[in-house]
Amino acid sequence: MIIGFDFDGTLVDSYSCIEEAFKRALEKRYRWLPGKGLWAKLLTKIELQFERPSLGGHKKTHKPPFFLRTKFFETWFIERAKLSRPIDDAPEFLKRLREEGHTVISFSAEDFIDGMKVKRLKMAGLYDLFDDVIVFGRKMTLDEAFQLVREKYGNETFIWVDDKPWRFIGRGDENTEFVWYYFPFTARFVEKNREKLALIPHLHVIRDLWSLFDVIENVQKRKHLE
């Protein structure tokens, strides 16, 4: 099977460290600035606005505003990467999937800074654990990224794992299985509109990555009976 993973909130916890990363970036870039703690809290609130669901998002490519592409935000992303921690022993989990013969790909959105997602994957020690890395948002839309998966790997079952299930709505095909990794930080947005989940066919919900092996087994059994 082809298994695609989002990054933030799916393989690494990069959310609980957002405010601390801002503090460190401010210290490195603006040592003279008073009240760095308060500025970090304000910047965190602004950043969290970008994490809210966007139904049908990524239909177009986008270029973030200039102020989000500055050296300060580049420093913040790097500090955030340093503070991020793997979820559920993600490196060993990805290795096990590949050992069992699955094709494992990184399938996630680009950061504000070009090339930063790949850089953070490498800093997390995950980049070399993937068979392929597909980044959407800047040079290709999410729909184009999905089409690229099909062009590269044909119509084999594609298991798409993401903590942001709103990305699933209106996408995929009959050979796509959608797996919502329930990460508390982003799950709160889903809980407010849980009825939207009914729009997603072949939806599975897991609360730890290793439960994906149960999903794979169930999908294989279902496919065998079809």
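Data block above holds the structure.
Below or above, wherever it landed, is the structure these notes cover. (Residues numbered from 1 in each chain as written. Predicted model: local features only at pLDDT ≥ 70, side-chain atom pairs only at ≥ 80, totals over all residues. Heavy atoms only, no water.)

Brief notes about the overall build of the protein
Short version of the rule: Secondary structure elements follow DSSP: runs of H or I of four or more residues count as helices, runs of E of two or more count as strands, with numbering from the N terminus. Throughout, radius of gyration means the C-alpha value; the globule benchmark is 2.2 Å times the number of residues raised to the power 0.38. For every residue, the accessible area (1.4 Å probe, protein chains only) is compared with the maximum for its type, and the residue is labelled buried under 20%, exposed over 50%, or partly exposed between those bounds. Throughout, a contact is declared for two residues whenever any of their heavy atoms are within 4.5 Å. Areas reported as accessible are Shrake-Rupley estimates using a 1.4 Å probe. Residue values count occlusion only from the protein chains shown.
Across its full length, the protein holds 8 helices and 8 strands. Over its C-alpha trace the protein gives a radius of gyration of 18 Å, about what one expects of a compact globule, namely 17 Å for 226 residues. Considered along the principal axes of its C-alpha atoms, the protein spans approximately 65 × 35 × 30 Å. Residue burial in the protein is summarised as follows: out of 226 residues, 51% are buried. By sequence separation, contacts in the protein at least 24 residues apart represent 75% of the contacts at least 6 residues apart. Roughly 11300 Å² of accessible area belongs to the protein as shown, and the carbon and sulfur atoms make up 52% of that amount.

Details of the side chain of Ser14
Our working rule: Pairing of N or O atoms within 3.5 Å defines a polar contact, subject to two protein rules: one partner must be a possible hydrogen donor and the other a possible acceptor, and residues neighboring in sequence count only if both atoms are side-chain atoms.
In this fold, Ser14 is placed in the loop between strand E2 (12-13) and helix H1 (18-29). Owing to a relative accessible area of 0%, Ser14 belongs among the buried residues under this scheme. In this structure the side chain of Ser14 is engaged in a polar contact, spanning 2.4 Å, whose partner is the side chain of Asp8. Beyond its immediate stretch of four places on either side in the chain, Ser14 contacts Asp8, Gly9, Arg80, Ser84 and Arg120.

Some details on a nonpolar patch on the surface
Rules: What goes into a patch is any residue over 30% in relative accessible area without a salt bridge, connected to like charges within 9 Å or, for nonpolar side chains (Val, Leu, Ile, Met, Phe, Trp, Tyr), within 5 Å. By definition, a salt bridge exists where a carboxyl oxygen of Asp or Glu is found within 4 Å of a side-chain nitrogen of Lys or Arg.
Taken together, the side chains of Trp39, Leu42, Ile46 and Phe50 make up a nonpolar region of the molecular surface, amounting to roughly 380 Å² of accessible area. The topology assignment puts Phe50 in the loop between helix H2 (36-49) and helix H3 (71-83).

Focus on the packing of H1 against H2
The condition is simple: Structural elements are reduced to axes, namely lines fitted to C-alpha atoms, with helices fitted over the stretch in contact, and the angle between N-to-C directions of any two is expressed from 0 to 180 degrees. We call two directions roughly parallel when the angle between them is under 35 degrees, roughly antiparallel when it is over 145, roughly perpendicular when it lies between 65 and 115, and oblique otherwise. Crossings are sorted by hand: turned counterclockwise from the far helix by less than a right angle, the near helix makes the crossing left-handed, and turned clockwise it makes it right-handed. Three classes are used, and their members are as follows: Ala, Val, Leu, Ile, Met, Phe, Trp, Tyr, Cys and Pro are nonpolar, Asp, Glu, Lys and Arg are charged, and the others, Gly among them, are polar.
At a minimum axis separation of 8 Å, H1 and H2 run at an interaxial angle of 130 degrees. Overall, the two elements H1 and H2 adopt an arrangement that is oblique. Of the two possible hands of crossing, H1 and H2 adopt the one that is right-handed. Residues Ile18, Glu19, Phe22, Lys23, Leu26 and Glu27 of H1 form the contact with H2, whose own contacting residues are Lys36, Gly37, Trp39, Ala40, Lys41, Leu43, Thr44, Glu47 and Leu48. Of the residues assigned to the contact of H1 with H2, the class counts are 7 nonpolar, 2 polar and 6 charged.

Brief notes about the nonpolar core
The test is simple: By convention a nonpolar core is built from buried Ala, Val, Leu, Ile, Met, Phe, Trp, Tyr and Cys residues, the set being connected through side-chain atoms within 4.5 Å.
In terms of nonpolar packing, the biggest core is built from 47 residues, with Ile3, Phe5, Leu94, Leu97 and Leu212 touching the most fellow members. Excluding residues that lie within four positions of it along the chain, Leu212 makes contacts with Ile3, Phe5, Phe93, Leu97, Ile159, Val161, Val179 and Ile206. Grouped together as the second largest cluster of nonpolar side chains are 24 residues, Leu142, Phe168, Phe178 and Val190 included.

Let's talk about the packing of aromatic side chains
The condition that has to hold: For this analysis, a ring pair means two rings from Phe, Tyr or Trp (six-membered ring only for Trp) whose centres lie within 6.5 Å, classed as stacked if their planes differ by under 30 degrees, edge-to-face if by over 60, and tilted for the remaining angles. Two limits define a charge over a ring: the Lys NZ or Arg CZ must be within 6 Å of the ring centre, and within 35 degrees of the ring normal.
One pass over the structure, following the stated rule, counts 27 aromatic pairs. Their ring planes at 50 degrees and their centres at 4.7 Å tell us that Trp76 and Phe77 sit as a pair that is tilted. On the basis of relative accessible area, Phe77 is assigned to the buried category, the value being 3%. Plain terms: the ring middles of Phe93 and Trp210 are 5.5 Å apart, the flat faces sit at 70 degrees to each other, and that makes the pair edge-to-face. Of this pair, Phe93 sits in helix H4 (residues 90-99) while Trp210 sits in the loop between strand E8 (203-206) and helix H8 (212-225); the two residues are 117 residues apart in sequence, bridging distant segments of the chain. Since its relative accessible area comes to 28%, Trp210 is described here as partly exposed. Joined through ring pairs, the aromatic side chains of Phe22, Tyr30, Trp32, Phe72, Phe73, Trp76, Phe77 and Phe112 make up one cluster. Of note, Arg80 hangs over the ring of Tyr15, and the distance from its end group to the ring centre comes to 5.5 Å. Above the ring of Tyr182, the side-chain terminus of Arg207 is found at 3.9 Å from the ring centroid.

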